[in-house]
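So the chains spell out like this:
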Amino acid sequence: MASRPENRRLRELARLRFTKPPGRRGFLVAFEGPDGSGKTTQRKLFKTWLKSEGLDVVTTKWNSSDLVKPIIKSRKAVQALSPEEFSLLHAADFRHRVEHAIMPALWDGKIVIADRFLFTGLARDGARGLDLDWVLRLYQPLLWPDLVFYFAVSADTSGRRVTATRTPNFYESGRDVTDLDDPVESYHRFVTSVIKEYESLAVIFKFITIDAEQSMSQQHYQLRELFREGENRPWSEWNVEAVAEWLSLTGRQA
Amino acid sequence: MAVADRKASVTMPRGTLIAVDGIDAAEVVAAARARIAAAARPRRAGVSLWDASGVFDDLVVAGPDAGIPSARTLLLLYAADLAFRLRWEIKPAVIEGRVIAAAPYVATAVAFGRAAGLPTAWLKELFRFAPRPAQACYVDCSSARSGFIGFGCNQLSQHANGFSARDTVARARTHLQAAARRTRF
């Protein structure tokens, strides 16, 4: 990307922007959890609250880039993806969103709410039997959220909530790896593995766990409180490489 | 067009995987077909081409509003396409005892990534899933009129950071030449 002195300059520019911003600094909040954990509902409530507080908020969802999402969608429709292809395409979608949606918003001092972040890739790919170290490297240079809210539910609750309204689709139910024909049975087995992966990630990456078996309002007020406690956290130096690489790509100077 | 060969340890059973890399797809494929024609049983041999999965074809369909992909995004997509080729073309051919030429294979993607300034460690790790070929050829082409390198360099030149497609192609060629020397292609 950039030469060594140029890279040093870009790193300094990144540090300056996030540690001594002209206004509010960009702040990244990730919502994570298995399907049926209620995180999308909470994300919407949370966003509405932040906006009512006068904050500038943008949302980004998993597998939503205009560039890569259609590619993934067409291949999912014909059930043609191996775990490696599934993982690589989602990492490509994520990378494109980081560069075109997440970084520009953070640079402009906005609050970015990610409805699923790279941990979704790690949990699902891990449950598909891929080596987590390999998967994590796909997402380099890593961009760490300021806060990660993990919505914890049991496999039974997740399965009950998901199947109450629909039949889980092929990849959602992990039928590509469970070899089970029954989508509900497959979903239960797969989500059990996904939750196990999430629980390990929650410890390693210090997620803030929300008991998603609580009522909606209890969760929402807890989120408000946790956000207020966490919003003054210092910017993580771990993110300097990701920001510098993005700066070198965009040619931004300030 | 200069083609040099390298023998490497065989890591896949029975059949033979030959990697053919270079910056221009047309020349690389021609070289791969020449290798196949010279094989002991050419009818039991084939060529695996870039974008067999159609990922890059689909990428072209996306409008300019979708955003220009970076080198990392392009390489993740290249790796996804290679995973598809390995699953449907390369591994089955090797298991059936056929000769298969992957044109291009990993070295082309790594050269592109190096030309774009990406860390070697990340590139190596990205393609860790790809088995080592039994043989490898490097085709020295003067331009990248077709294929991944030409496509990728054109994409990079549309970013605001001043990447020139011609310079990036030249750097990719240099990286491939260096890789060929290092591994005695």
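Residues numbered from 1 in each chain as written. Chains lettered and ligands numbered in written order. Predicted model: local features only at pLDDT ≥ 70, side-chain atom pairs only at ≥ 80, totals over all residues.

Focus on the overall build of chain A
Part 1 of the reasoning: Within chain A, the regular secondary structure consists of 11 helices and 5 strands.
Part 2 of the reasoning: A compact globule built from 254 residues should have a C-alpha radius of gyration of about 18 Å, and chain A, at 19 Å, falls within 12% of that.
Part 3 of the reasoning: For chain A, the spread of C-alpha atoms along the three principal axes comes to 55 × 40 × 30 Å.
Part 4 of the reasoning: Taken across its 254 residues, chain A has 45% of its residues classed as buried.
Part 5 of the reasoning: Look at the contacts in chain A between residues 6 or more apart in sequence, and 79% of them connect residues 24 or more apart. (Helix = DSSP H or I, 4+ residues; strand = E, 2+ residues; numbered from the N terminus. Rg over C-alpha atoms; globule rule 2.2 N^0.38 Å. Buried ≥ 20, exposed ≤ 12 C-beta atoms within 10 Å, placed from the backbone. Contact = placed C-beta atoms within 7 Å.)

As for the overall build of chain B
Part 1 of the reasoning: When helices and strands are counted, chain B shows 7 helices and 5 strands.
Part 2 of the reasoning: Helices (α) and strands (β) of chain B occur, in sequence order from the N terminus, as β-β-α-β-α-α-β-α-α-β-α-α.
Part 3 of the reasoning: Computed over its C-alpha atoms, the radius of gyration of chain B comes to 16 Å, within 12% of the 16 Å expected for a compact globule of 185 residues.
Part 4 of the reasoning: For chain B, the spread of C-alpha atoms along the three principal axes comes to 50 × 30 × 30 Å.
Part 5 of the reasoning: When each of the 185 residues of chain B is scored for burial, the buried share is 50%.
Part 6 of the reasoning: When contacts within chain B are restricted to residue pairs at least 6 apart in sequence, those whose partners lie at least 24 apart make up 83%.

Let's talk about the domain arrangement of chain A
All names here are of chain A.
Part 1 of the reasoning: For chain A, the assigned domains read domain 1 (1-22 + 236-254) and domain 2 (26-234).
Part 2 of the reasoning: A straight line from the C-alpha centre of domain 1 to that of domain 2 covers 27 Å.
Part 3 of the reasoning: On the side of domain 2, 9 residues touch domain 1, which itself brings 11 residues to the contact.
Part 4 of the reasoning: Top contributing element to the side of domain 1 that touches domain 2 by residue count: helix H11 (residues 240-250), with 5 residues. (Domains from an automatic or database assignment.)

Describing the interface of chain A and chain B
Part 1 of the reasoning: With 25 residues of chain A at the contact, the number on the chain B side is 28 residues.
Part 2 of the reasoning: Looking at the side of chain A that touches chain B, the elements with two or more residues in it are helix H3 (69-77), helix H4 (83-107), helix H6 (132-138) and H11 of chain A.
Part 3 of the reasoning: The greatest single-element share of the side of chain A that touches chain B, amounting to 10 residues, is contributed by H4(A).
Part 4 of the reasoning: A class-by-class count of the residues in the side of chain A that touches chain B yields 12 nonpolar, 7 polar and 6 charged. (Nonpolar A, V, L, I, M, F, W, Y, C, P; charged D, E, K, R; others polar.)

Considerations on the sheet that holds strand E2 (residues 57-61) of chain A
Residue and element names in this part refer to chain A.
Part 1 of the reasoning: Spatial strand order, E2-E3-E1-E4-E5: 5 strands in an open sheet with parallel pairing. Among the strands making up the open sheet, the edge pair consists of E2 and strand E5 (208-211). Pairwise comparison of adjacent strand axes, ignoring direction, gives a mean angle of 20 degrees for this sheet.
Part 2 of the reasoning: In this structure, strand E4 (residues 147-152) lies alongside E5, joined through 4 bridges in parallel fashion. Note on E5: the bridge partner recorded for tyrosine 150 is threonine 209. (Pairing = 2+ DSSP bridges. Axes fitted to C-alpha atoms, helices over the stretch in contact; angles between N-to-C directions.)

Brief notes about the nonpolar core
Part 1 of the reasoning: Ranked by internal contacts, the top residues of the largest apolar core, which has 131 residues, are Val20(B) and Ala80(B).
Part 2 of the reasoning: For this core, the leading source of residues is helix H3 (residues 71-95) of chain B, giving 15 residues.
Part 3 of the reasoning: Structurally, this core is a two-domain feature, drawing no fewer than three residues from each of domain 1 (1-22 + 236-254) and domain 2 (26-234) of chain A.
Part 4 of the reasoning: In this structure Val20(B) touches Val28(B), Ala31(B), Ala32(B), Arg35(B), Ala101(B), Ala102(B), Ala103(B), Pro104(B), Tyr105(B), Cys137(B) and Val139(B), once residues within four positions along its chain are discounted. (Core = buried A, V, L, I, M, F, W, Y, C linked by C-beta atoms within 7 Å.)

Concerning helix H5 (residues 118-127) of chain A
Residue and element names in this part refer to chain A.
Part 1 of the reasoning: In terms of residue burial, H5 counts as a mostly covered element, since 10 of its 10 residues are buried.
Part 2 of the reasoning: Of the positions making up H5, those classed as buried are Leu118, Phe119, Thr120, Gly121, Leu122, Ala123, Arg124, Asp125, Gly126 and Ala127.
Part 3 of the reasoning: Positive backbone phi, approximately 90 degrees, marks glycine 129, located one or two places after H5.

Re the packing of helix H1 (residues 4-19) of chain A against H11(A)
Residue and element names in this part refer to chain A.
Part 1 of the reasoning: Packing of H1 against H11 leaves a shortest axis separation of 8 Å and a crossing angle of 115 degrees. In terms of their interaxial angle, H1 and H11 are classed as roughly perpendicular. Judged by the sense of rotation from one axis to the other, the crossing of H1 with H11 is right-handed. Packed against H1, whose contacting residues are Asn7, Leu10, Arg11, Leu13, Ala14 and Arg15, the element H11 presents Val240, Val243, Ala244, Leu247 and Ser248 at the interface.
Part 2 of the reasoning: Here the residues of the contact of H1 with H11 are counted per class, giving 7 nonpolar, 2 polar and 2 charged. (Parallel < 35°, antiparallel > 145°, perpendicular 65-115°, else oblique. Left-handed = near helix turned anticlockwise from the far one by under 90°.)

Digging into the pairing of strand E2 (residues 16-21) of chain B
All names here are of chain B.
Part 1 of the reasoning: In terms of burial, E2 is a largely internal element, 5 of the 6 residues being buried.
Part 2 of the reasoning: Here 4 bridges tie E2 to strand E4 (residues 99-103), and the two strands are oriented parallel to one another. Across the sheet, residue isoleucine 18 finds its bridge partner in E4, namely alanine 101.
Part 3 of the reasoning: Sheet analysis places E2 next to strand E5 (residues 135-140), joined by 4 bridges and oriented parallel. Along E5, the bridge assignment pairs aspartate 21 with tyrosine 138.

Focus: helix H7 (residues 165-182) of chain B
All names here are of chain B.
Part 1 of the reasoning: The first and last C-alpha atoms of H7 sit 26 Å apart over 18 residues, in line with the 26 Å expected at 1.5 Å per residue.
Part 2 of the reasoning: Among the residues of H7, Thr168, Val169, Ala172, Arg173, His175, Leu176 and Ala180 are the ones counted as buried. In an axial view of H7, the angular spread of the buried residues amounts to 165 degrees, which keeps them on one side of the axis. Among the exposed residues of H7, those pointing more than 90 degrees away from its buried face are Arg166, Ala178, Arg181 and Arg182. (Expected span 1.5 Å × (residues − 1). Arc of directions from axis to C-beta.)

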